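As a plain string of letters, each chain reads:
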Amino acid sequence: MSAEHSENKIYPVPERLLSGPTKPFIDSFEQYQSLWQESVDNPSTFFAKAAREYLHWDTNFQTTCAGDFENGNVAWFLEGELNAAYNCVDRHAFATPDKVAIIHEGDDPNNVRKLTYKQLLQEVCRMANVLHGLDVRKGDNVAIYMPMIPETVIAMLACARLGAVHSVVFAGFSAESLYERIQDCGARVVITSDEGRRGGKTVATKRIVDEALQLPNLVDRVIVVKHTGTTSVSMTPSRDIWWHQEMANARPYHPVTVVSSEDPLFLLYTSGSTGTPKGVLHTTGGFLLGAAMTVKNIFDVHDDDIYACMADLGWITGHTYILYGPLCLGATTLLFESTPTYPTASRFWETVDKHKITQFYTAPTAIRALRRLGDEYVDRCNLSTLRVIGSVGEPINPEAWEWYYKKVGHSQCAVVDTYWQTETGSIVVSPLPGATPTKPGSATFPFFGIRPAILDPATGQELEGNDVTGVLAIKQPWPSMSRTIYNNHHRFMETYLKPYPGFYFTGDGATRDKDGYIWIRGRVDDVINVSGHRLSTSEIESALILDSSVAEAAVIGGHDDLTGQCIHAFCTLKPNMVSDTEKLIEGLIQQVRKSIGPFAKPKQVYVVSDLPKTRSGKILRRVLRKIVNNEADQLGDTSTMADPGIIQQLVDKVKQRH
Ligand code: WT7
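All figures in this text were calculated on a predicted structure; none of them were measured in a lab.

## Concerning the overall build of the protein chain
Looking only at helices and strands, one finds 21 helices and 30 strands in the protein chain. In terms of C-alpha radius of gyration, the protein chain reaches 24 Å, essentially the compact-globule figure of 26 Å for 658 residues. With the C-alpha coordinates of the protein chain rotated into their principal frame, the extents come out at 70 × 65 × 55 Å. Per-residue burial over the protein chain gives 60% buried out of 658 residues. Long-range pairs, those at least 24 residues apart, make up 71% of the contacts in the protein chain between residues at least 6 apart in sequence. Counting every atom, the protein chain has about 24800 Å² of accessible surface; 48% of that belongs to carbon and sulfur.

## Considering the site of the ligand
Lining the immediate environment of the ligand, one finds 17 residues, of which Asp-417, Thr-418, Thr-422, Asp-508 and Arg-534 sit closest. In the environment of the ligand, a nitrogen atom lies 3.4 Å from a nitrogen or oxygen atom belonging to the backbone of Pro-395. Residue assignment for the shell around the ligand shows that the elements contributing at least two residues are α12 (316–329), β20 (414–418) and β25 (518–523). Classifying every residue of the shell around the ligand by side-chain character gives six nonpolar, six polar and five charged.

## Some remarks on the UniProt feature "domain: AMP-binding enzyme C-terminal" (unreviewed entry) in the protein chain
Mapped onto the present numbering, the UniProt feature "domain: AMP-binding enzyme C-terminal" (unreviewed entry) falls at residues 539–618. Structurally, residues 539–618 is divided into 26% helix and 31% strand, and its ends, taken at the C-alpha atoms, are 17 Å apart.

## Side note on the pairing of strand β14 (residues 264–270)
In terms of burial, β14 is largely enclosed, as six of its seven residues are buried. Note: strand β7 (residues 165–168) against β14, two bridges, orientation parallel. Bridging across to β14, Ser-167 finds its partner in Leu-267. Across six bridges, β14 lies against strand β15 (residues 278–283) in antiparallel orientation. Directly across from Pro-264, in β15, lies its bridge partner Thr-283.

## Thoughts on the state of the cysteines
Overall, the coordinates contain zero disulfides when judged by the stated rule. Among the cysteines around Cys-159, which has no disulfide bond, Cys-185 carries the closest sulfur, lying 11 Å off. No disulfide involves Cys-309; its sulfur sits 15 Å from the nearest other cysteine sulfur, which is in Cys-88.

## Examining the UniProt feature "domain: Acetyl-coenzyme A synthetase N-terminal" (unreviewed entry) in the protein chain
In the numbering used here, UniProt assigns the "domain: Acetyl-coenzyme A synthetase N-terminal" (unreviewed entry) feature to residues 32–88. As a span, residues 32–88 carries 47% helix and 11% strand, and end to end its C-alpha atoms are 27 Å apart.

## A closer look at the layout of surface pockets
The computed volume of the second largest pocket comes to approximately 370 Å³. The leading source of residues in the lining of the second largest pocket is helix α3 (residues 29–41), at five residues. Each residue belonging to the lining of the second largest pocket can be placed in one class, and the counts come to eight nonpolar, four polar and five charged.

## What about empty space enclosed by the protein?
Counted according to the given criterion, the structure contains four cavities of 30 Å³ or more. In this model, the largest cavity occupies a volume close to 80 Å³. If you trace the largest cavity, you find 13 residues lining it, with Gly-290, Ser-426, Phe-447, Phe-448 and Trp-478 closest to the centre. In terms of residues, the lining of the largest cavity owes the most to one element, helix α11 (residues 285–298), which gives three residues. When its residues are assigned to classes, the lining of the largest cavity shows nine nonpolar, four polar and no charged.

## Let's talk about the side chain of Asp-513
Tracing the sequence through the fold places Asp-513 in the loop between β24 (504–512) and β25. Residue contacts for Asp-513: discarding those within four places in its chain leaves Glu-7, Lys-439, Asn-466, Asp-467 and Trp-519.

Parameters and conventions
Residues numbered from 1 in each chain as written. Predicted model: local features only at pLDDT ≥ 70, side-chain atom pairs only at ≥ 80, totals over all residues. Heavy atoms only, no water. Helix = DSSP H or I, 4+ residues; strand = E, 2+ residues; numbered from the N terminus. Rg over C-alpha atoms; globule rule 2.2 N^0.38 Å. Buried < 20%, exposed > 50% of the residue type's maximum accessible area, 1.4 Å probe, protein only. Contact = heavy atoms within 4.5 Å. Areas by Shrake-Rupley, 256 points an atom, 1.4 Å probe, with all protein chains shown as cover. Near = heavy atom within 4 Å. Polar contact = N/O pair within 3.5 Å; in protein donor to acceptor, adjacent residues only side chain to side chain. Nonpolar A, V, L, I, M, F, W, Y, C, P; charged D, E, K, R; others polar. UniProt positions renumbered as here; feature names shortened; annotations may be inferred. Pairing = 2+ DSSP bridges. Disulfide = S-S within 2.5 Å. 1 Å grid on protein atoms, 1.4 Å probe; cavity = no way out; pocket = protein on both sides within 12 Å on 5 of 7 lines; lining within 4 Å. Points joined across faces, edges and corners; volume = space filled by probe spheres on them.

Right, here's the structure in full:
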């Protein structure tokens, strides 16, 4: 289906949502519109009320919002003091002690573990005591490198309880990437497991941690969860300790350390268009409010619901939508350790069926892959409990949207295509299930407090009205926005607040169509999105030139039907160093895996004699992008190139490897 076609296709709110026993919190488009208007016109009144409704404050705030984009000093609920773990665990452990907080769906579908709020509180307290005993205090950074198990949630909340700052590193990152992140945040304690298990395969988490910690005295302590227990891991004396041994001796209560609303809750590293990964910093009050408010309104989560976000805790989606959002509301959240296709392509749907899941949240890449494998895997499961099904991470193509809506949602569920970023903390553009008529492929309308603007990329002028395309920016501060990049506020300003003064710049292109619907068109910078995982071209290029025979490298994102984008790398070589090009290419792919992680593996590496450059020597990635995406006939003016003659050579090279 073409974009124009889907732009005209509108799906009303499914009747079942409005007439079913669970009435949506917001049940008409007019109600959404008036709430949104109020939220952007009077953000102080709107969010002060919301913050008191959603969160428990130990000290009341007087100032709702201060600071601005120009000065980069945005702060919310200033005098307020609270604790995130208290908000996510204690208060529910007292109100609904036996309610299930976490359902752990293990890699092996027969391994299911449930933790009630009461149990979760005890575990979080024990771990807080362990960390406290290791001298972890308010403001200290703790690195977490773990599989998708309840201990990961416990570790994160134990940090929050102490006012310590967790920095979770996705367990698909390499030892080098982990080292870089530990080094940057200065963590003295690392929490990991013996191993992880995903799709039946083993991830050697502890071994990778050991590799990352080769420099002596980089950290003081490594806490190791015995998860698989199948191999004996090496424990470094006086550094490594077993989680279960420490926990056995820890008291199951530890008081909370109340922090300022603006104290950091966590760091999460993400790729930018240039340089090393950035430690995106989120603070406590504003982040928690954004997380809880979006889960309640965008997923319409009610008391008896079973909510499932299939992301990994190592990414922002896991932080906001597996842990903080649902737990802050006192909901039941599912923790999924496996993959969509293990042991069969029915795994997601069997999980929905088994736990009677009501909200289900995943990524377009998984939807596309499952659609391709055939309907029978969905059809054999009972999905009738579902009410809201969500998508996140990249634009969802209309075909995948329709399949999700019809096959998974039986045309009776709201599809929420949720647009946001690590930096925005929570969803910023999305339909509301009971209120917004949807268009397949459009993230539709802004969430409360978000005033989106589409700017002319060249002039920075705001393009008002409908039927406009440009870059997406946000016009005023919202509670869950990132406050800074750890130890690098300059970079924060340069990346987000300086490019278009007075605006927060997202880095994405977007259209507002004739009906005012927002369509996200993808990144306009050098960020590549592979299966919803964010990578920077420069990071991959740096990994490639580590090979002594590579002279120059240029990386671009090519179109891929399954993963959205995929990585194509062009390399030139130093003279007379390589005899076997195929072997070199294999080696380069391995080098990237080793430097960054398996998910960053290039799909194609082209060894070429030269790269397209301007006369001043700047690499023209735009030209490479067109060649790879079969648009070499649309290169436009190539007269500024140093040597337009190399285009044909590159086209032939790319064809040859396809
Ligand atoms: C980038 C942020 C926070 C979600 C997980 C990824 C792209 C995200 C959508 C969507 C179109 C989307 C954007 C954004 N993106 N959601 N619904 N439609 N594009 O977080 O790693 O910080 O990446 O993901 O390009 O800038 P992230």
